[in-house]
Amino acid sequence: MKLGSDLSMDLNKSSENRHPHGSPGRLPKRLALVGQPNVGKSVLFHALTGTYVTVSNFPGTTVDISHGEGVIEGQRWTVFDTPGVFSLIPRSEDERVARDFLLEGELDAVIQVADAKNLAKSLHLTLELAEFKIPMILALNMSDERRDRGLVIDTKRLSDLLGVPVVDVVATTGEGIPPLRRLVPLARIPTAAPRYDAQVGQSLSKIASTVLPAACSRTALAVALFAKDESAWRHVPAGSPAPSLASLQEEVRQIRNRFVRKPEMLIFEARQHVIQEIIGEVQSRRGAGSSSWLAHLGNLAMRPFPGYLLAGLALFLMYAFVGVFGAKVLVDFFERIVFGQWINPLATAFVQTVLPIPFLQDLLVGPYGTITMALTYAFALILPIVTTFFLFFSFMEDSGYLPRLAVMMDRLFRLIGLNGRAVLPMVLGLGCDTMATVTTRILDTKKEKVIVSLLLTLSVPCSAQLGAILGMAAGLSWKVLAVWMFVLASTMMLVGWVAARVLPGGRSPFLVELPPLRWPQPSNIYKKVKARLKWYTKEVIPLFVYATLVLFFLDRFHLLAMIEKVFSPVVVSFLGLPAKATEAFLIGFFRRDYGAAGFFNMTKQGLLLPRQVVVSMVVITLFMPCVAHLLVTLKERGLKATALISAFVFSFALGVGGAVNWILLHTSFL
Amino acid sequence: MSKKPMTPLPSEQEEVREEGLADIYECLEEGLTSRDQIEPLVNEKVRSGVFADLASAGLILLEGGAVSFSPEATRVVTSVIRRKRLAERLLKDILNVADEFIDPEACQWEHTLSPEVTSSICTLLGHPSQSPFDKLIPPGECCHNGTQTTAPILSSLDKMDRGEEAKIVYLLSAKNPELNRLLAMGLTPGSTIKVIQRFPTFVVQVGQSQLAFDELIAGSIFVHPL
């Protein structure tokens, strides 16, 4: 669900027709989950609606607004999951998406999902939300971790002080969800408010009254304008008392200028005073709280020693689990036994008896048949690999290791114009480049977004492809994998380094919050892997079928041989591959993992020498990922950047492949 | 660095008493002893009632018209005088402030300098024993110890070592577009911050959160080491 379409639809509705505090029945009421990054909004969303959105232990996983339906206390609700916000004065695109939704989403209630062990931080957001004047509930999530740290919170007293229902929750285990559901109809507009000093208070009410006509969120808007949030101007309704927008802006600028200290700081202190009083009353400490071995491990994982060692260990475990177990053991089983001995012979026999037309028989079960090629590749070669990768990756995500990897990678990423935060899209790219390109929204500057998009397109192999590649290399000398990794890492650094110097703009400072290391919940991993595999089958398998159909018709009309001949100077002479490799490249245009599967198959049939394995691994990795990825890049980066990236990627992939071939031919390394 | 909490600013009443004691001290220094001689010389802003107040608080003793300090008053007044005269030296010698502006400034400082700042100034000036107006400066602990170096009172976080704790004093806002986010993440003035590591990036503990950031951000956070 994308924000754009959703909002435009809502804004057309006249707001008088809505019943803000609920006549029951008719319209489903609208409920949004709001909170700081990585506090568990998406897990709660799933608990309230049964709809799955990608959840992980990394700040910034949700970049769009998702929605789902749920029945809560006999009333139908549309529930919205919003991206995490540190503050409602937005600094990045995903924060702005959430703030805009609070202003324009016509919400009947908000659940603030908060980190129970960081009450001060959570309450800052509560006091910000209070100024939006939307009925709300405070859900103190991760109460188990709060208890482990010996912190006690008097929720009853907190509820009285804030004027909203407050409930303890452990979203991952479901503890506290039933009381939360019961409280949804009892949501209230908070009575607690920041204590602005006289001058600040006057300035805010002046901005609110002279600049903005009456609206329920006018205080929130006035605070945003006072704090120099330029994106808030978009929400200032037309027809304000003053003659023009420019004069309003000038007026606000003058009000800001009366203060020596930064207005942001003044607003912050006004909240801080209230919060310290509240915390003094409701929070106490019982015992010191034990520091677990997981906390120690979490800290060790960020020290140069043994941090880099642990990162290497994680890489090795991935190789063992995905490359050996997934791509060798499971693929062997599915390809040779399940498809080789059962499905394909049975399907062939069945089609040949039921369909007497040879053309249709070939279409389904011939050498380029939909069943014998597309479905066999998809289910026997790719699916086991993707499943093992998603299992591994989901475990890493939920454990909270990835932000620590961001710490370890920050200095390396600086060389390529990024900071450690870019680890999320890059590692997510190992799962799926398309998904990862959407996640570039968590990055702060346009330059960083373009560099990450480029590197994702060029040199980050997605799981399916990675699995096929690990599978290709698994039976051969370690040198094959080493050369591939070296070529990939050095091209990535080189391209990133050049891009960082050629593209205008700067690097933003590195700043990331580190969640505690956690032992992942098997049920959450199961749900996540299931959702991703569902997405995979829906998204990917049709593309496999289309690509196979193209190949089938090209073969039928003897065009395949022609194409192989036309490209033979490139494929055979320049890259040093057999002519049949052209087929793998052709289907690689649809999805490069399908192309990789083609090469994987050729390797298994013994059609490729080690040198040719390396060259094909390199070229297919550097290739454009897939049609879906192309569309997403087009949407996020625009036509010009996409065209430039694509043109560069194709010529670069072939160029590097040729160079690797030439070097390997003239040395005796392999 | 001392582990004492920062001295709170004196209340108005304390300031009046300090002012009165300081004036009496200077008269006693000149050899004047009787209340009749001293009272007219006390700053007119605090003159009315200050004698009665100090006497009833037991800070000054009035025996047969002669004025003397209680032990508590001696302790308070020597440090007030010390602060004032060190401030005078700093203003004159280092900051080149014109003579007529020195006294009003120093009179402010005598009430507000914290012990840490006072001994840093004293060390910085090389433990001077006389004010620019040739009055004696009461020696402090740092003079007896002969402290030769002074640690900065505040430092940016990137100067801190692993394992050290500090209190956040302020964040450089001009250099820091992330100000709002840093505050929202819990890096708030007054909170205690512990450096967990410095490399490959800074990792700190603030309250129950761990944050990682680069030295650019670390350099914009000013702290008071504990």
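Here is what the cut-offs are and how they apply
Residues numbered from 1 in each chain as written. Chains lettered and ligands numbered in written order. Predicted model: local features only at pLDDT ≥ 70, side-chain atom pairs only at ≥ 80, totals over all residues. Heavy atoms only, no water. Helix = DSSP H or I, 4+ residues; strand = E, 2+ residues; numbered from the N terminus. Buried < 20%, exposed > 50% of the residue type's maximum accessible area, 1.4 Å probe, protein only. Contact = heavy atoms within 4.5 Å. Areas by Shrake-Rupley, 256 points an atom, 1.4 Å probe, with all protein chains shown as cover. Lys, Arg positive; Asp, Glu negative; His and termini not counted. Charge placed at Lys NZ, Arg CZ, Asp CG, Glu CD. Rg over C-alpha atoms; globule rule 2.2 N^0.38 Å. Axes fitted to C-alpha atoms, helices over the stretch in contact; angles between N-to-C directions. Parallel < 35°, antiparallel > 145°, perpendicular 65-115°, else oblique. Nonpolar A, V, L, I, M, F, W, Y, C, P; charged D, E, K, R; others polar. Core = buried A, V, L, I, M, F, W, Y, C linked by side-chain atoms within 4.5 Å. Pairing = 2+ DSSP bridges. Phe/Tyr/Trp six-rings, centres within 6.5 Å; stacked < 30°, edge-to-face > 60°. Buried area = accessible area lost by both parts, 1.4 Å probe. Salt bridge = Lys/Arg side-chain N within 4 Å of Asp/Glu carboxyl O. Domains from an automatic or database assignment.

Remarks on the overall build of chain B
Then, number 1: The secondary structure content of chain B amounts to nine helices and eight strands.
Then, number 2: By principal-axis analysis of the C-alpha atoms, chain B measures approximately 70 × 35 × 30 Å.
Then, number 3: Scored against the burial criterion, the 226 residues of chain B give a buried share of 46%.
Then, number 4: Sequence separation of at least 24 residues holds for 64% of the intrachain contacts in chain B that already meet a minimum separation of 6.
Then, number 5: Taken as a whole, chain B presents about 11,200 Å² of accessible surface, with 54% of it coming from carbon and sulfur.
Then, number 6: For chain B, the distance from the average position of its 21 positive side-chain charges to the average position of its 32 negative side-chain charges is 7 Å.

Description of the overall build of chain A
Then, number 1: Within chain A, the secondary structure is distributed over 28 helices and nine strands.
Then, number 2: Whereas a compact globule of 670 residues would reach a radius of gyration of roughly 26 Å, chain A reaches 28 Å, a difference of no more than 12%.
Then, number 3: Counting the 670 residues in chain A, one finds 57% classified as buried.
Then, number 4: In chain A, of all internal contacts separated by at least 6 residues, the share reaching a separation of at least 24 is 76%.
Then, number 5: Approximately 27,400 Å² of chain A is accessible, and the part contributed by carbon and sulfur atoms is 66%.
Then, number 6: Of note, chain A has its 66 positive side-chain charges centred 3 Å away from the centre of its 49 negative side-chain charges.

Quick word on the packing of helix α14 (residues 358-365) of chain A against helix α15 (residues 370-399) of chain A
All names here are of chain A.
Then, number 1: Interhelical geometry of α14 versus α15 gives an angle of 15° and a closest axis separation of 4 Å. Between α14 and α15, the angle falls in the class roughly parallel. Here L363, L364 and V365 of α14 lie close against α15, whose contacting residues are T370, I371 and T372.
Then, number 2: Split by residue class, the contact of α14 with α15 holds four nonpolar, two polar and no charged.

Let's talk about the nonpolar core
All names here are of chain A.
Then, number 1: By size, the foremost hydrophobic cluster in this structure holds 115 residues, and its most contacted members are F544, F585, F599 and M617.
Then, number 2: At 14 residues, the largest contribution of residues to this core is made by α15.
Then, number 3: When near neighbours in sequence (up to four residues on either side) are disregarded, M617 contacts I469, M472, A473, V480, L481 and W484.
Then, number 4: The next biggest cluster of nonpolar side chains, apart from the first, holds 60 residues, and it includes L125, L204, W233 and I267.

Some words on the sheet that holds strand β4 (residues 165-171) of chain B
Then, number 1: Taken in spatial order, the seven strands line up as β9(A)-β7(B)-β6(B)-β5(B)-β4(B)-β8(B)-β3(B) in an open sheet, and their pairing is antiparallel. Here the strands that pair on one side only, and so sit at the sheet edges, are β9 (511-514) of chain A together with β3 (155-156) of chain B.
Then, number 2: By the bridge criterion, three bridges tie β4(B) to strand β5 (residues 192-197) of chain B in an arrangement that is antiparallel. Residue pairing in the sheet places B:A166 in a bridge with B:I193 of β5(B).
Then, number 3: In the packing of helix α16 (residues 401-415) of chain A onto the sheet, the strands contacted are β9 of chain A together with β5, β6 (202-206) and β7 (209-213) of chain B, and the crossing angle to β9(A) comes to about 145°.

Some words on the packing of aromatic side chains
All names here are of chain A.
Then, number 1: Inspection of every chain in the model, using the stated rule, returns 17 aromatic pairs over all chains.
Then, number 2: The interplanar angle of 20° and the centroid separation of 5.7 Å between the aromatic rings of F321 and F325 together place this pair among those described as stacked. With F321 and F325 both in helix α13 (residues 304-354) and four residues apart, the pair spans about one turn of that helix.
Then, number 3: The class for F321 is partly exposed, based on a relative accessible area of 29%.
Then, number 4: The interplanar angle of 25° and the centroid separation of 5.1 Å between the aromatic rings of F648 and F652 together place this pair among those described as stacked. Taken together, the residues span about one helical turn, with F648 and F652 both in helix α28 (residues 639-665) at a distance of four residues.
Then, number 5: The partly exposed category is assigned to F648, whose relative accessible area is 32%.
Then, number 6: Since its relative accessible area comes to 17%, F652 is described here as buried.
Then, number 7: Taken together through their ring pairs, the aromatic side chains of F359, F552, F553 and F557 make up a single cluster.

Brief notes about the interface of chain A and chain B
Then, number 1: Contacts between chain A and chain B engage 36 residues on the former and 30 residues on the latter.
Then, number 2: Taken over both partners, the interface formed by chain A and chain B buries close to 3,300 Å², and the fraction arising from carbon and sulfur atoms is 55%.
Then, number 3: It is A:F86, A:R91 and A:L511 that lose the most area in chain A upon contact with chain B, and together they represent 20% of the buried surface on that side.
Then, number 4: There are two salt bridges connecting chain A and chain B.
Then, number 5: Linking A:R411 and B:E215 is a salt bridge whose minimum nitrogen-to-oxygen distance equals 3.6 Å.
Then, number 6: Of all the secondary-structure elements, those providing two or more residues to the side of chain A that touches chain B are α11 (263-282), α13, α16 and β9 of chain A.
Then, number 7: Per-element tally for the side of chain A that touches chain B: the top contributor is α16(A), with six residues.
Then, number 8: In the side of chain A that touches chain B, the residues fall into 15 nonpolar, six polar and 15 charged.

Quick word on the domain arrangement of chain A
Then, number 1: According to the domain assignment, chain A consists of domain 1 (3-186), domain 2 (198-285) and domain 3 (304-665).
Then, number 2: Here the C-alpha centre of domain 3 of chain A lies 49 Å away from the C-alpha centre of domain 2 of chain A.

Considering unusual backbone geometry
Then, number 1: The omega angle of the peptide bond from A:F305 to A:P306 is 5°, so this bond is cis rather than trans.
Then, number 2: Within the secondary structure layout, A:P306 lies in helix α13.
Then, number 3: Of note, the amide linkage connecting B:F199 to B:P200 takes the cis form, showing an omega dihedral of 0°.
Then, number 4: Summarising the element assignment, B:P200 is placed in the loop between β5 and β6.
Then, number 5: The phi torsion at A:K133 lies on the positive side, around 55°, for a residue other than glycine.

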